[in-house]
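Residues per chain are reported as follows:
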Amino acid sequence: MALTLDSIFRSAEIDPAQIQVIRHAFVGKREDSEMQGIHADSTDQEILEYTAQQSANPRIFPAIPPSIWVVFVKEGGDRARFWAVVRNHGEVSNDGSSRRFNLEVADDLSDLTNRLVIGWRSPRTWRLNGPTASHYPVVEIADSRPIPFPGFDSLVLDYPQLQAIMREHRYSSWRTALSSVIGIYLITDTRDGRHYVGKADGVDNIRQRWSAYAANGHGGNVELRGLDPDFFRFSLLRVFDPSTPTRAIDMSESHFKVALDSRKHGLNRN
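Residues numbered from 1 in each chain as written. Predicted model: local features only at pLDDT ≥ 70, side-chain atom pairs only at ≥ 80, totals over all residues. Heavy atoms only, no water.

Q: Explain the pattern of salt bridges to me, and be specific about the residues and the numbers.
A: Applying the stated criterion across every chain, the model contains 13 salt bridges. Residues Arg194 and Asp192 are paired through a salt bridge, measuring 2.9 Å at the closest nitrogen-oxygen approach. In this structure Arg194 comes out as partly exposed when scored by relative accessible area, which is 29%. For Asp192, a relative accessible area of 45% gives the class partly exposed. (Salt bridge = Lys/Arg side-chain N within 4 Å of Asp/Glu carboxyl O. Buried < 20%, exposed > 50% of the residue type's maximum accessible area, 1.4 Å probe, protein only.)

Q: Can you explain the nonpolar core? Please cite residues and give values.
A: The biggest cluster of nonpolar side chains holds 24 residues, and the ones touching the most others in it are Leu162, Trp210, Tyr213 and Phe234. Where this core is concerned, the elements lending two or more residues are α4 (159–167), α5 (172–179), β10 (182–189), β11 (194–200), α6 (206–216) and β12 (232–240). The greatest single-element share of this core, amounting to 5 residues, is contributed by α4. Setting aside residues up to four positions removed in sequence, Trp210 forms contacts with Leu155, Leu157, Leu162, Met166, Leu178, Tyr185, Phe234, Ser235 and Leu236. In this structure, Ile8, Ile14, Leu109 and Val138 belong to the second largest nonpolar core, which totals 22 residues. (Core = buried A, V, L, I, M, F, W, Y, C linked by side-chain atoms within 4.5 Å. Helix = DSSP H or I, 4+ residues; strand = E, 2+ residues; numbered from the N terminus. Contact = heavy atoms within 4.5 Å.)

Q: Describe the pairing of strand β4 (residues 79–94), listing the residues and the values that go with them.
A: Alignment of strand β3 (residues 68–74) against β4, held across 7 bridges, turns out to be antiparallel. The residue of β4 that forms the bridge with Trp69 is Val86. Once β3 ends, the chain turns through 4 residues before running back antiparallel as β4, passing Gly77 with a positive phi of about 65 degrees. Judged from the 3 bridges that link them, β4 and strand β6 (residues 116–119) form a sheet pairing that is antiparallel. Bridging from a neighbouring strand, Ala80 pairs with Ile118 of β6. Pairing analysis gives 6 bridges linking β4 to strand β5 (residues 98–105), with the strands arranged antiparallel. The residue of β5 that forms the bridge with Val86 is Val105. (Pairing = 2+ DSSP bridges.)

Q: Describe in detail the pairing of β3, supporting the description with residues and values.
A: In terms of residue burial, β3 counts as a mostly covered element, since 6 of its 7 residues are buried. Taken together, the 6 bridges between strand β1 (residues 19–24) and β3 define a ladder with parallel strand orientation. Looking across to β3, one finds that Ile19 is bridged to Ile68.

Q: Quick rundown of the sheet that holds β11? Include the residues and the values.
A: Ordered in space as β9-β12-β10-β11, the 4 strands form an open sheet in which the pairing is antiparallel. Two strands close off the open sheet at either side, each with one partner strand: β9 (156–158) and β11. Strand-to-strand twist across the sheet, computed as the mean angle between neighbouring axes with direction ignored, equals 25 degrees. Alignment of β9 against β12, held across 3 bridges, turns out to be antiparallel. Within β12, the residue paired with Asp158 across the bridge is Arg233. Relative to β10, α6 is tilted by about 25 degrees, and along the sheet it contacts β9, β10, β11 and β12. Contacting β10, β11 and β12, helix α7 (residues 246–259) crosses the sheet at an angle of about 175 degrees to β11. (Axes fitted to C-alpha atoms, helices over the stretch in contact; angles between N-to-C directions.)

Q: Account for the environment of Ala142, with residues named and values stated.
A: Relative to the assigned elements, Ala142 resides in the loop between β8 (138–141) and β9. Judged by its relative accessible area of 16%, Ala142 falls in the buried class. Measuring from C-alpha to C-alpha, the distance between Ala142 and Asn216 comes to 29 Å, with 74 residues separating the pair along the chain.

Q: Explain the environment of Ala40 residue by residue, including any values.
A: Mapped onto the elements of the fold, Ala40 is located in the loop between β1 and α2 (44–52). Spatially, the C-alpha atoms of Ala40 and Arg87 are 23 Å apart, while their sequence positions differ by 47 residues.

Next up, the structure:
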């Protein structure tokens, strides 16, 4: 059975009966008015502004549009790529020929932004009601755009971010980088500020060690069992080449435990 927009809407708890679906095309100006159009290099803000301006003719645009608009941008052939879900907070101006709406980009379906592609069956139609659009086929859900690795010194992650890094394709470069080093890391319980200083050495690299935390929250450490990992913040204190002697890693770990007082006032037991 072919995947359709209806499944996408339902998974996001969006009722097709309560929305409209718009497909923008790259044009110099909107076909139904004198308003300027959008192009391939338009920013998100420009696309939002373009979406917010609509015709005052009720035969072209509903007199009372729904509160949720699902916006696509036309590609080659009958393809349309998902841009965003926007929430309509009402009309803010109307000069008799054009209207402007107060729109806000919503989080709904944000994980599919620029990834979801549908087949647009009505080439001359740029706006559909939700129930009609829900039958349109999904032709592609592309891999997420890779997110560049920010560098070891810039890593500060909460627990959901750590889990995403360990499983999502867009973070593949992060996993590669974390696999290339061993070293000393810090876990902070943000509820009370207590620190846990840990190390990854020997056969374990940072990725392997942090994968254990992503899996169960405590990584096998007795000190962290029973604590809620959703309040943990992960960062790196120092990284080493895998060929670094174990003694040097141990000395660095001991130094940070003293510097951060993680034995007496933190989460380290030794």
